[in-house]
Amino acid sequence: HRILHNIRLGVTKRVGIAVLISSSESPNKFLLGQDESLINNKLGEKGDWSLPMGYTRQQDSFANGIKRALQQEVFANETIENKFPKNIIPSDPQPIFCINIADIKVYVFKLELTKNYIFSSFKLKKHHYFYPSEVQKLKTRGGVIDIFKMYLTGSLQTPCNSDFNQNLCLLPLKAKIG
């Protein structure tokens, strides 16, 4: 109920990072993985496709937030082996936009990888590059489709509430009607 209350008030209590990762070979395809960590079914179900994303602390720099998300969701083995590719994160990254997903203000960044990497994570499995049109057909965690819609339409006003939030707000109403 706390999340719905905050959404209705337009309040964000937490901060997150999402990363649109493409490769220089295919700059119009983006990396997603199947999220094995989802436990709150309002945000999605185990196995839903997700961008690399995660919570960050408000006092963290964007570079640290991106690094944490990549360490956990894209480069876990490299992090354990102390081989994390630090050079892929700009020294002063700036979000391309931000979006409110549930009660989380998510800053979205774009990275282009110039090398081929083997991806590893305890959270995301089966990493794969997809065209945005393919992502629209996948079963995704909450907010992923909204991120792609904003990216593709260029409607990058900050911050923007997601369609996901609007649907969450309607859940109690739909339960009363249904």
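These numbers come from a predicted model, not from an experiment.

Caption draft 1: Region of interest: unusual backbone geometry. One non-glycine residue, N82, lies in positive phi territory at about 60 degrees. By the secondary structure assignment, N82 is in the loop between helix 3 (76-80) and strand 5 (97-101). Its identity is not glycine, yet K126 carries a phi of approximately 55 degrees, on the positive side. Topologically, K126 is positioned in strand 7 (residues 124-130). Residue K126 is classed as exposed on the basis of its relative accessible area of 62%.

Caption draft 2: Structural view of the side chain of T56. Tracing the backbone shows T56 in strand 4 (residues 53-56). Within the structure, the side chain of T56 is placed 3.4 Å from the side chain of D60, a separation counted as a polar contact.

Caption draft 3: Geometry of the environment of T56. Of the residues examined, T56 reaches a relative accessible area of 11% and is grouped as buried. Through-space distance from the C-alpha of T56 to that of I66 is 8.6 Å; in sequence the pair is ten residues apart. Contact partners of T56, with chain neighbours within four places excluded, come to V15, G16, I17, G65 and R68.

Caption draft 4: Spatial organisation of the packing of aromatic side chains. Within the structure shown, the criterion is met by nine aromatic pairs. Aromatic pair F75 and F84: ring centres 5.8 Å apart, planes at 85 degrees, arrangement edge-to-face. Overall, F84 belongs to the buried group, its relative accessible area being 10%. By the ring-pair criterion, three or more aromatic residues cluster together here, those being F75, F84, Y117, F119 and Y129.

Caption draft 5: Molecular detail of the pairing of strand 2 (residues 30-35). Across the six residues that make up strand 2, a large majority, six, are buried. Where strand 2 and strand 7 come together, five bridges link them in antiparallel fashion. By the bridge assignment for strand 7, L31 is matched with Y129. Pairing geometry for strand 2 and strand 3 (residues 49-50), over two bridges, is antiparallel. Note on strand 3: the bridge partner recorded for G33 is S50.

What counts, and at which threshold
- Residues numbered from 1 in each chain as written.
- Predicted model: local features only at pLDDT ≥ 70, side-chain atom pairs only at ≥ 80, totals over all residues.
- Heavy atoms only, no water.
- Helix = DSSP H or I, 4+ residues; strand = E, 2+ residues; numbered from the N terminus.
- Buried < 20%, exposed > 50% of the residue type's maximum accessible area, 1.4 Å probe, protein only.
- Polar contact = N/O pair within 3.5 Å; in protein donor to acceptor, adjacent residues only side chain to side chain.
- Contact = heavy atoms within 4.5 Å.
- Phe/Tyr/Trp six-rings, centres within 6.5 Å; stacked < 30°, edge-to-face > 60°.
- Pairing = 2+ DSSP bridges.

Purely geometric stuff here, so don't read any function into it on its own.
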